[in-house]
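Tertiary structure, described
One-letter residues, chain by chain:
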Amino acid sequence: MKAVVLTAYGDVDKLELRDLPEPEVEPNGLLIRMAGASINPVDIKMRTGAAHALFPVKFPGILGRDASGEVLRVGNEVSGFAPGDRVLGLVHGAYAEQVAAPVANWARVPPGVDLAEAGALPLVLLTGAQLMERAVAPSPEWTVLVTGAVGSVGRVALYAAQRRGVSVWAGVRASQREQAEHLGASGIALLDQANFGAELPRFDAIADTVGGDTIQRLYDCLKPGGTIGSVLGDPPGAKERGFVVHSFTAQPDSAQLQRYVAHVAEGRLVVPITAKLPLYQAREAHLLVEKKRVGGKVLLLG
């Protein structure tokens, strides 16, 4: 099979298209023919070595956490899936014509969702849902701010809060205000304004997808003892300020993934896709994400 491998930490020239053996199917696993695999920010960090402590790469390694496609084979301990089924999953090694992962990582692609485009969904659906449902875990009476709310993970986190009946604000840059107005948030916070905190409520919690100076500038907008859920590690000084901090890395959850992809199929949740490239153009796809040349998901096609 063809696969894009990372030969060493570094720039996009360390990504190479190679011929590799077909992956083995574990007894409790599925092997799929990849139709779509998206580029995520963590892929860039893994390529450069910035994520080495959390996600070390054994070279040559195949990147990619999202995959969708048609089942080719099932392990002898698997029930409920069969060759020909349309699936999506949170995996490792998605930049390849064939992808194998445990059955617990996969969910079915509902009718009405394009099979290749489903490859843009697993990591952002699970990260956004788990950020809100597990890390923040808001009570219905809370007011919550989602930073980076027009980003893919932010959109899902905001939607997850709305499903729980929570008053949720969209934290965005001023240039993103028009996009944010379509999210149905209770309010919009323009976080790149010098005095943004003056007009904001005191939040019970913040779901942070941005990090850096932004989250630290928001400490004065968070109630004493408030909660910060983060996909970027513990924000500096947050615990020292008395805030409750829950940072995490998304985990496979077939049932949760199935619930949220159903909302995508129904049109209630939208994850924009702004570029589609063939597998052999993985370098170009990485540059689109790394240089922030597009605002939505970038998809590799099998």
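For the structure itself, consult the block above.
From a predicted model like this one, the values you see are computed outputs, not experimental measurements. (Residues numbered from 1 in each chain as written. Predicted model: local features only at pLDDT ≥ 70, side-chain atom pairs only at ≥ 80, totals over all residues. Heavy atoms only, no water.)

1. Section: the overall build of the protein
- Assigned secondary structure in the protein consists of seven helices and 15 strands.
- Compactness check: the protein gives a C-alpha radius of gyration of 19 Å against a globular reference of 19 Å for 302 residues, within 12% of the reference.
- Classification of the 302 residues of the protein by burial places 51% in the buried group.
- A sequence separation of at least 24 residues applies to 63% of the contacts in the protein between residues at least 6 apart.
- Of the charged side chains in the protein, 30 are positive and 31 negative, and the gap between their average positions amounts to 1 Å. (Helix = DSSP H or I, 4+ residues; strand = E, 2+ residues; numbered from the N terminus. Rg over C-alpha atoms; globule rule 2.2 N^0.38 Å. Buried < 20%, exposed > 50% of the residue type's maximum accessible area, 1.4 Å probe, protein only. Contact = heavy atoms within 4.5 Å. Lys, Arg positive; Asp, Glu negative; His and termini not counted. Charge placed at Lys NZ, Arg CZ, Asp CG, Glu CD.)

2. Here's the deal with helix α1 (residues 41–48)
- Along α1, the positions that sit buried rather than exposed are Asp43, Ile44, Met46 and Arg47. Viewed end-on, α1 has its buried residues packed into an arc of 165°, placing them on one side of the element.
- Phi turns positive, to about 95°, at Gly49, one or two residues after α1. (Arc of directions from axis to C-beta.)

3. Considerations on the sheet that holds strand β12 (residues 222–230)
- Spatially, six strands are ordered β10-β9-β8-β11-β12-β13 in an open sheet, and the strand pairing comes out parallel. Of all strands in the sheet, those with a lone pairing partner are β10 (187–190) and β13 (244–247), marking the two edges. Averaged over all adjacent pairs, the angle separating strand axes in this sheet is 20°, with direction ignored.
- Here five bridges tie strand β8 (residues 143–147) to strand β9 (residues 167–172), and the two strands are oriented parallel to one another. The residue bridging Thr147 from the neighbouring strand is Gly171, located in β9. (Pairing = 2+ DSSP bridges. Axes fitted to C-alpha atoms, helices over the stretch in contact; angles between N-to-C directions.)

4. What about unusual backbone geometry?
- With an omega of -10°, the peptide bond between Phe59 and Pro60 qualifies as cis.
- Unusually for a residue other than glycine, Ala137 sits at a positive phi of about 45°.
- Structurally, the position occupied by Ala137 is in the loop between α2 (122–136) and β8.

5. Description of the environment of Ala8
- In this fold, Ala8 is placed in the loop between β1 (2–6) and β2 (15–19).
- Owing to a relative accessible area of 25%, Ala8 belongs among the partly exposed residues under this scheme.
- Spatially, the C-alpha atoms of Ala8 and Phe59 are 6.4 Å apart, while their sequence positions differ by 51 residues.
- Filtering out sequence-adjacent residues up to four positions away, Ala8 remains in contact with Lys14, Arg47 and Phe59.

6. Concerning the environment of Val156
- Note on placement: Val156 falls in helix α3 (residues 152–163).
- Sequence-wise, Val156 and Ala129 are 27 residues apart; in three dimensions their C-alpha atoms are separated by 6.2 Å.

7. A closer look at the environment of Arg47
- Here Arg47 is to be found in helix α1.
- Residue classification places Arg47 among the buried positions, given a relative accessible area of 0%.
- For Arg47 and Val57, which are 10 residues apart along the polypeptide, the C-alpha to C-alpha distance reads 8.4 Å.
- Those residues in contact with Arg47 that lie beyond four places of it in its chain are Leu6, Ala8, Tyr9, Gly10, Asp11, Val12, Leu15, Leu63, His286 and Glu290.

Function cannot be inferred from these measures alone, as they are strictly geometric.
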